[in-house]
Amino acid sequence: HTIPTELVETAYAAFIEEEEGAQAFATMGSQRDSDGDSEDVNILRPEVALRLAKRLSDTSFQLLIGPSGSDTSSQDEDTDEDANQRVDPELVAKNLASSLRWSQHQVLLACAVGLRDYAAAN
């Protein structure tokens, strides 16, 4: 499993900026450009991994809460037999969206656990 490089670079930049100031990040960027071997530099430091893990955990929690401003309005109950047998497209869509949110929640949590394990090992 891999983490998108852009995500790691962004988290690393934020970490460097907070920890060492904007000047240190500018210096680091120019050093990487002049070296030409940016592939050898491991920017996924344990601190960055923990920062990403927290962000992923927070996002996965938000997925469990559901969409903001979710509509819980009650629908008119049809006593008609045909109405009871119809499938409400809005209900199907809500169930599918809920399933997708649950699936993405699981993916984000698994990634967060992997990042925490990586940070603990390093």
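Treat the numbers as computed from the prediction; the structure is a model and nothing was measured. (Residues numbered from 1 in each chain as written. Predicted model: local features only at pLDDT ≥ 70, side-chain atom pairs only at ≥ 80, totals over all residues. Heavy atoms only, no water.)

A. Local environment of the packing of helix 3 (residues 46–65) against helix 5 (residues 89–121). Two numbers describe how helix 3 lies on helix 5: the axes approach to 8 Å, and their chain directions differ by 160°. On the basis of their axis angle, the class for helix 3 and helix 5 is roughly antiparallel. Taken as a pair, helix 3 and helix 5 cross one another with a handedness that is left-handed. Split into classes, the residues belonging to the contact of helix 3 with helix 5 amount to 17 nonpolar, five polar and three charged. (Axes fitted to C-alpha atoms, helices over the stretch in contact; angles between N-to-C directions. Helix = DSSP H or I, 4+ residues; strand = E, 2+ residues; numbered from the N terminus. Parallel < 35°, antiparallel > 145°, perpendicular 65-115°, else oblique. Left-handed = near helix turned anticlockwise from the far one by under 90°. Nonpolar A, V, L, I, M, F, W, Y, C, P; charged D, E, K, R; others polar.)

B. Layout of the nonpolar core. In terms of nonpolar packing, the biggest core is built from 16 residues, with Leu44, Val48, Leu52 and Leu115 touching the most fellow members. Every element with two or more residues in this core is listed here: helix 1 (5–20), helix 3 and helix 5. Sequence-distant contacts of Val48, defined by excluding residues within four places in its chain, comprise Val8, Ala11, Tyr12, Phe15 and Ile43. (Core = buried A, V, L, I, M, F, W, Y, C linked by side-chain atoms within 4.5 Å. Buried < 20%, exposed > 50% of the residue type's maximum accessible area, 1.4 Å probe, protein only. Contact = heavy atoms within 4.5 Å.)

C. Spatial organisation of helix 1. The end-to-end C-alpha distance of helix 1, which contains 16 residues, comes to 21 Å, matching closely the 22 Å that a straight helix rising 1.5 Å per residue would cover. Along helix 1, the positions that sit buried rather than exposed are Val8, Ala11, Tyr12, Ala13, Phe15 and Ile16. (Expected span 1.5 Å × (residues − 1).)

D. View of a nonpolar patch on the surface. On the surface, Val87, Val92 and Leu96 cluster together into a nonpolar patch covering about 290 Å² of accessible area. Its place among the elements puts Val87 in the loop between helix 4 (81–85) and helix 5. Overall, Val87 belongs to the exposed group, its relative accessible area being 64%. (Patch = residues over 30% accessible without salt bridge, like charges linked within 9 Å, V, L, I, M, F, W, Y side chains within 5 Å. Areas by Shrake-Rupley, 256 points an atom, 1.4 Å probe, with all protein chains shown as cover. Salt bridge = Lys/Arg side-chain N within 4 Å of Asp/Glu carboxyl O.)

E. Representation of the environment of Thr5. Within the element layout of this structure, Thr5 appears in helix 1. Here Thr5 falls in the partly exposed class, since its relative accessible area comes to 48%. In this structure, the C-alpha to C-alpha distance between Thr5 and Leu44, residues 39 residues apart in sequence, is 9.5 Å.

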